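For reference, the chains in residue letters:
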Amino acid sequence: MEMSLEKQLEIIKRGTVEIVPMDELVKKLEKSLNDKKPLKVKLGLDPSAPDIHLGHTVVLQKLKQFQDLGHEVILIIGDFTGRIGDPTGKSATRKQLTEDEINKNAESYKKQIFRILDPDKTQVVYNSHWLAKFKFEDVIRLAAKTTVARILERDDFKKRYDDNQPIGIHEFFYPLMQGYDSVELKADIELGGTDQKFNLLMGRNLQKEYGQEGQIALMMPILEGLDGVLKMSKSLNNYIGVEDSPKEMFGKVMSIKDELILRYFTLVTPLSNEEIKMMEKEMVAGKNPRDYKVKLAKIIITQYHNIEEADNAEIEFINIFSKNQLPDEIPEVELELGGEGNYWIPKLLQNLGLVSSTSDGKRMLEQGGVKVNGEKITEANLNIEDKMVVQVGKRKFAKIIIK
RNA sequence: GGGGAGAUUCCCGAGAGGCUAAAGGGGGCAGACUGUAAAUCUGUUGUCUACGACUUCGCAGGUUCGAAUCCUGCUCUCCCCA
């Protein structure tokens, strides 16, 4: 089904940070409408992180919109580039992956991505198909298309260079290879986070160098993680994974800062601009932000699981945190009965896997963070009983099963 | 090839022979409070049945009663010159 140019543009623009160049996008869309030929929309994926989180879905949602508009979506698994290692946002050299790791990651990647994209309408390609065939001569030719000064324009290269941090020569090739992918596919549009701007534009330049029309670069914002400051990433452990359990998702969403609520609605849910504006007004008028977080959590859980799970997660959350009850599923841990069942609590907590060391366990005890069957415990020893529930902090529980 | 600087605990970063399990900040965790695992405040943050012992300041040795601190060699990184 076709949509008017204006309508398409409106959908495409929602949530983007930048589209360069805008006027060429309009032209490409016009042409696509006239010729009834879909545009090729490319997204490159680095297979180093097999766990997709909401940060990744920002771009994937946009891709899905293109797909719904009838355009052709092409995913490139950067299996070849992954072996080389992209410079990371942390301004440190990323480790190189082995072929095995990459294949495994790519498979799990696809599975997760198709929770959002339509697998029947998505083309998946591996960039080793063309890059692995490069001869050294081809590499040099490709490298000659740009200059060191231009490469150093890239933000994190510049930063690392200025900070006296190491940069491997191989890292310079990353943008070149990614750019070459666009040449190979004759991409019309490439999506990416704002951190990809340099790479996306490199693709555009290379396409022109190889006599093609340059692709449009469409940048989506980088989603902040649960802390609200740093970008969402697995290594920072501030992420919500699409494969997280409903309960985890609910809890994690509830832990975001209030200021982040509307941003999350814009970037990870399909709600319209009007609906979001409305919520903003209501919150300014004094409505409790907590309720919007609940709504956000439920939308997200429904997307990646289903409505029932979303409802259950809400109920459980209210029980544990608002009413201070126990969760309905507590991990059970088997214990040998040492002595006559009298346990030193720090050791008990460690054996139950609730704390990492007895020192940690002592601290928890001293700080009043230990509860047994809902009662706060302060003495150092405890006679354990079967099915006793031990709790550390607000969210770590274990049920003792005596062997 | 020559010269210089550096590597500290989860991260950043002080410390320059004993007062150092190592300042400060970040992050994490716990408690209080509440609107929630938000915000804020307080405490805590190597291990060990523990007012003591053991392990930790790039790696390996050495000097010393005593080393993160001094010496030697090695590994890695950065800068300047060529």
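Here the structure is a predicted model, which means the values were calculated and not measured. (Residues numbered from 1 in each chain as written. Chains lettered and ligands numbered in written order. Predicted model: local features only at pLDDT ≥ 70, side-chain atom pairs only at ≥ 80, totals over all residues. Heavy atoms only, no water.)

Undergrad: Now, about the domain arrangement of chain A: what can you tell me, with residues and values included?
TA: Domain annotation for chain A reports domain 1 (5-220), domain 2 (246-321) and domain 3 (332-402). One C-alpha centre belongs to domain 1, the other to domain 2; they are set 31 Å apart. In this assembly, 9 residues from domain 1 lie in contact with 12 residues from domain 2. For the pair domain 1 and domain 2, the two sides together bury roughly 860 Å², of which 55% comes from carbon and sulfur. The interface formed by domain 1 and domain 2 contains 3 residue pairs in polar contact (both at pLDDT 80 or more). The dominant element in the side of domain 1 that touches domain 2, judged by the number of residues it contributes, is helix α3 (residues 54-68), at 4 residues. Looking at the side of domain 1 that touches domain 2 residue by residue, the classes come out as 4 nonpolar, 3 polar and 2 charged. (Domains from an automatic or database assignment. Contact = heavy atoms within 4.5 Å. Buried area = accessible area lost by both parts, 1.4 Å probe. Polar contact = N/O pair within 3.5 Å; in protein donor to acceptor, adjacent residues only side chain to side chain. Helix = DSSP H or I, 4+ residues; strand = E, 2+ residues; numbered from the N terminus. Nonpolar A, V, L, I, M, F, W, Y, C, P; charged D, E, K, R; others polar.)

Undergrad: Any chance you could break down a nonpolar patch on the surface for me, citing the residues and the numbers?
TA: On the surface, Val229, Leu230 and Leu236 cluster together into a nonpolar patch covering about 280 Å² of accessible area. According to the relative accessible area criterion, leucine 236 is partly exposed, its value standing at 37%. (Patch = residues over 30% accessible without salt bridge, like charges linked within 9 Å, V, L, I, M, F, W, Y side chains within 5 Å. Areas by Shrake-Rupley, 256 points an atom, 1.4 Å probe, with all protein chains shown as cover. Salt bridge = Lys/Arg side-chain N within 4 Å of Asp/Glu carboxyl O. Buried < 20%, exposed > 50% of the residue type's maximum accessible area, 1.4 Å probe, protein only.)

Undergrad: Would you mind going over the packing of helix α12 (residues 246-254) against helix α15 (residues 289-304) in detail, with residue names and values included?
TA: Viewed as axis vectors pointing N to C, α12 and α15 meet at an angle of 150 degrees, and their least axial separation amounts to 9 Å. In the packing of α12 onto α15, the handedness of the crossing is right-handed. Residue-level contacts link Pro246, Met249, Phe250, Val253 and Met254 of α12 to Arg290, Lys293, Val294, Leu296, Ala297, Lys298, Ile300, Ile301 and Tyr304 of α15. Looking at side-chain class alone, the contact of α12 with α15 contains 11 nonpolar, no polar and 3 charged residues. (Axes fitted to C-alpha atoms, helices over the stretch in contact; angles between N-to-C directions. Left-handed = near helix turned anticlockwise from the far one by under 90°.)

Undergrad: Break down helix α14 (residues 273-284) for me, with residues and values.
TA: Counting along an α-helix, one turn takes 3.6 residues, and residues three or four places apart therefore face a common direction. For α14, which comprises 12 residues, the first-to-last C-alpha distance of 17 Å matches the rise-based estimate of 16 Å (1.5 Å per residue) to within 8%. Along α14, the residues that are buried comprise Ile276, Met279 and Met283. Seen end-on, α14 carries its buried residues on one side only, within an arc spanning 60 degrees. In α14, the exposed residues that point more than 90 degrees away from the buried face are Glu274, Lys277, Lys281 and Val284. On its buried side, α14 packs onto α13 (261-268) and α15. Once α14 ends, the next one or two residues include glycine 286, with phi positive near 110 degrees. (Expected span 1.5 Å × (residues − 1). Arc of directions from axis to C-beta.)

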